[in-house]
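# Tertiary structure, described
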Amino acid sequence: MSQFRIPLPIINTPDKVQLARLSYVHFSHPNLDEFHQFALDFGFVEAARENDTIYYRGYGKDVCCYIASKSSDAEKHFNEAGYIARTEQDFLKASQLKGSSPITPNPAAIGGGSFVSLVSPSKLKVHILWGVEERPEPNEVVTATELHKGGYNTALEKTRKGEFQRFKVGPAMVHKLGHYGCLTSKWDEDVAFYTQNFNFIPSDVLWEERDGEEVDALTFMHLDQGKEYSDHHTLFLSRAPAGFPDEHRIHHSSFEVEDFDTQLLGHEYLLGKSYKPIWGVGRHIFGSQIFDYWKDTSGFAIEHYADSDVVNEDNLTGREKSDGPASMYIWGPVRPEAELASHLADRQARVASRVPANCGESARWIRDDQPTPLCLEPETTVVVVGAGPSGLALGALLGRMNIKVILLEKDTEVCEDPRGIVVNGDAVRISYQIGIGEGLTKRIGKDIGVLNFHRGNFRQSPFMSYDIREDWLKQSVSNNITQFQPNYEREIRAILGDFPSCQLRTGCEVLSREVDGDHTIIEYLDQSGARHSIRSAWLVGADGKKGVVRKKFLEPEGIKQEESEWSYVGTWVAANLKITDPTPESHPEFPLWKLGYTPEQVHEAFWPTGFHFCNDSKRPQVSGRFGPPNSGFWRHEYSVEPEDNLDDVEQHFWELFASWMIIPGSKFARALRKTTVEFPRDCIEVVRCRPFTFATKVVNKWYARNTLLIGDAAHVFPPFGGQGIATGIRDAQALGWRLAIMSRMGSSLSPARRERILTGWSQERRHGWSVSMKATKLNGSIVNQRSWLGGLVFRAWHRLLWLFPGLARYKTNVAFKDKLVFTHKTCPDGFFVEKLGGGVKIAQVWTRRQGQGPLLSDGAFFRNLAHLSLLVLVRRPADHDSGEVARILKVADLPGEMLTMEDVTFYNIHRSYAEGAADVSAEGREAYYPCTAKELVGEGITPINRYDATAVQDRFPASVKYVLLRPDFLVHSVAKDGDELLRNLGLAGEYFS
């Protein structure tokens, strides 16, 4: 027998855990309010509500048949299914199964009693329940659609005489949960898990022929009750296809309604509410149910069914060959999964004449072999999937370069749950280049200030502090911003409208990718359900670690995230808190009012500035402020230890964190020395509290042909260095200008040259990721120090070092200076010439022209982000020779207008000449010169601590006159005279031609 076949017959035996029935399913929804309205319209009744969880019932015996929780990460999730054990002995038997959780009390909203939790091989969770209360069985059907209902008259038998059937459109009221099912990449193991541990028996099995072998592909399983009849299937398992990206994926959950009339009336009711039907109404073959599938507001499939088969031990397992979609129904609409899209050329051959309202004027509308028409859109240059920080950054940068770009985002609104809270390093500088720098410290976030490292918690004095308010990076703007991610995304979304070439489309679900020569065809559904097809030169996946571009399109080609040289996997709980300051009016008994404290001073006392890494050998923790000034946001993260019980994560958080909110009264006044002062609990709102599993991973390849990955789609970090968002923004900047140059070169760009450019980009980004990873490792190794003795020695040594300010500054500079330097060893195909001074980053200072106000030098040096830039260091008047530069550029003849005279900046670094005290030509007045700190203060600008006005020229030898720059702040090469500049321009041209 094939190893891929179920060893039939499966026999139920007394040693297995006997389950009485399926009771409930539990899902998490990003928008609980939206789902709640859908649930009522679907036919559920709200039974209870606790915090961010709603419990729904039908009119059957289960107190609850559907649990809906608010998602803590703005993603949708299937959490678990709950089964009732037949006897207490069976329940206790379940508690002894391998991997079973401890016996835990059930919420009253489920019916009380207790549960144990188990996980299948594909990580599908089940709860086994005992001692739950039950509702009384109803005497009659609960209906919202019947006005009067008599018997059913058939052709040969008329039982309804003199009565009239009268109905109305309304919700199809749910009786009970019938079944659920999933696709699983561990099908054989899952089948064994359910059939060997429990009384699951396959009712029917469908097999397919693969490589000449019969492979079981789908099974419908019922709970065996001996002679007693039970539903044809409570659970179905479908074998996932090759290349399936997940261990399992929930297919649908299904709920029983009274009859066919109820279903059709409910169908009309849901249509009238503008919900999205998936498939139905029709009748299945296996189970015989009349079915009607819908998409809920989170995108989960959910079914009404009626008239299902019931089976008992006398029904033998059926096994037959699958006939594809035809095996699934005897009548009904064409099954959506069977509707395969044809090649674009085939579609265009069947073009119809009219254009629907949701297509642009230049788009075309066709009917293909699917029931929904397809909108063929005009070709674009770049499609970006995902509008998080990295995708939005790329879209905005391409928009600034006037490159046609379309961003497809599955969510309709910005996710209000702040996940990443830091933008650091040159990602802050890039944010100014994007166009949102002005809002960084006003509407988005604030300077992080000081990184403090403590023993235990932030109430202890730090043993080491990194003051990163100084300009360690030589970029003249903040080194580190603690930001509110929803505002960061909103700021970029707000400026996208300034770029005619850029479009953001929300509520879009990407369905497929088709490679068409050197282009890609993307098909997606918009939020109205209309299908669209776009042909694009480039496809960029910025849709996160679970996004469709890598998971569905590239992993089958062997591109996947892998562990790096620093392997870290850990589970932490991340809590976002919103702090409201107490006042004398809201909390008159708070003891600090008598000492003259203001609400603001209370906040400073309990919620200290900066960010705090708390080293504890038993449980490391990280804590600190984030978000705009005075926003009251606080992030607290702590490691999850093996003994932790996270059934109630928020309660667990308070068990650990509550003591941090208590300060001995002696810290405030002698009069309070025998008391403690506790920050009012009702002033702390837990916005989000959930566990996350962090890892350090990066893709083994960043692209395949013209499909590329950036951000979390390419790499993931633990949170210790705040590098996740920043690295994604760097990915976007480094890719954007390359896409612009290659797109403008068009057909003159050979495939071999394009491959070298992308290889160079991926090598540079891999090295950039490695530098970011090492910064993460630095913080992580300190906070995660688990050795009691090692931690003691480390802390003692650094307390000693920090007694000497000079040593503290030196250590801080070593830790936070810009370490991103490219070499031909790390990036052999990178776009720079190491031996000619390339591969380093140019500093940023404040600069100005005579008679003009100060400007950050990036704005002066990089005026066209789709071009290279040339910086001429003017050390004496003769160096400002624009005619000579124009001659050199003409001779160089770079491809694709990569560099023109409009991209040349003369930068006057000779102070007397720069300040205009001497004779200055009209040409000289067009030069920029660096602003001193004194000048900035005079202009009302507060320079960053230790601002360095000479930072630009200090990076180069005194002999350097010309600096060839890339748009991402990197130096390609330097030259001391015109001949060397011509040589360098030739090398740059050769790279792209």
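For the structure, see preceding data.
Keep in mind that this is a model prediction, so the values were computed, not measured. (Residues numbered from 1 in each chain as written. Predicted model: local features only at pLDDT ≥ 70, side-chain atom pairs only at ≥ 80, totals over all residues. Heavy atoms only, no water.)

## Notes on the sheet that holds strand β28 (residues 450-455)
Reading across from one edge, β29-β28-β37-β38-β39-β36-β42 is the order of the seven strands in this open sheet, with mixed pairing throughout. The sheet is open, and its two edges are formed by β29 (464-467) and β42 (684-695), each paired on a single side. Across the sheet, the mean angle from the axis of one strand to that of its neighbour is 15°, orientation sign disregarded. Note that β28 and β29 share four bridges and pair antiparallel. (Pairing = 2+ DSSP bridges. Helix = DSSP H or I, 4+ residues; strand = E, 2+ residues; numbered from the N terminus. Axes fitted to C-alpha atoms, helices over the stretch in contact; angles between N-to-C directions.)

## Let's talk about empty space enclosed by the protein
Counting across every chain of the model gives five cavities of 30 Å³ or more. Approximately 80 Å³ is the volume found for the largest cavity. If you trace the largest cavity, you find it lined by D426, R730, Q733, A734, E764, R765, L820, F822, R966, D968 and L970. A per-element tally of the lining of the largest cavity places helix α13 (residues 724-745) first, with three residues. The class makeup of the residues in the lining of the largest cavity is four nonpolar, one polar and six charged. (1 Å grid on protein atoms, 1.4 Å probe; cavity = no way out; pocket = protein on both sides within 12 Å on 5 of 7 lines; lining within 4 Å. Points joined across faces, edges and corners; volume = space filled by probe spheres on them. Nonpolar A, V, L, I, M, F, W, Y, C, P; charged D, E, K, R; others polar.)

## Let's talk about the packing of aromatic side chains
Per the counting criterion, the structure on display carries 59 aromatic pairs. Aromatic side chains Y66 and F255 sit 6.0 Å apart centroid to centroid with 45° between the ring planes, which places their arrangement in the tilted category. You can see Y66 sitting in strand β4 (residues 66-70) and its partner F255 sitting in strand β16 (residues 248-256), a full 189 residues away along the chain. Note on accessibility: Y66 and F255 belong to one class, buried. (Phe/Tyr/Trp six-rings, centres within 6.5 Å; stacked < 30°, edge-to-face > 60°. Buried < 20%, exposed > 50% of the residue type's maximum accessible area, 1.4 Å probe, protein only.)

## Describing the pattern of salt bridges
One pass over the full model with this rule turns up 59 salt bridges. The partner of E555 in a salt bridge is R550, and the shortest N-O contact between them spans 3.3 Å. We classify E555 as partly exposed; its relative accessible area is 23%. (Salt bridge = Lys/Arg side-chain N within 4 Å of Asp/Glu carboxyl O.)

## A look at the environment of K176
Of note, K176 is situated in strand β11 (residues 176-184). There is a polar contact of 2.7 Å between the side chain of K176 and the side chain of D231. (Polar contact = N/O pair within 3.5 Å; in protein donor to acceptor, adjacent residues only side chain to side chain.)

## Quick word on the pairing of strand β3 (residues 53-57)
Burial runs high along β3: four of the five residues are buried. Where strand β2 (residues 45-50) lies against β3, five bridges are found, and the strand directions are antiparallel. Considered in β3, the bridge of E50 is made with T53. Here β2 hands over to β3 after two residues, with N51 in that stretch at a positive phi of 50°.

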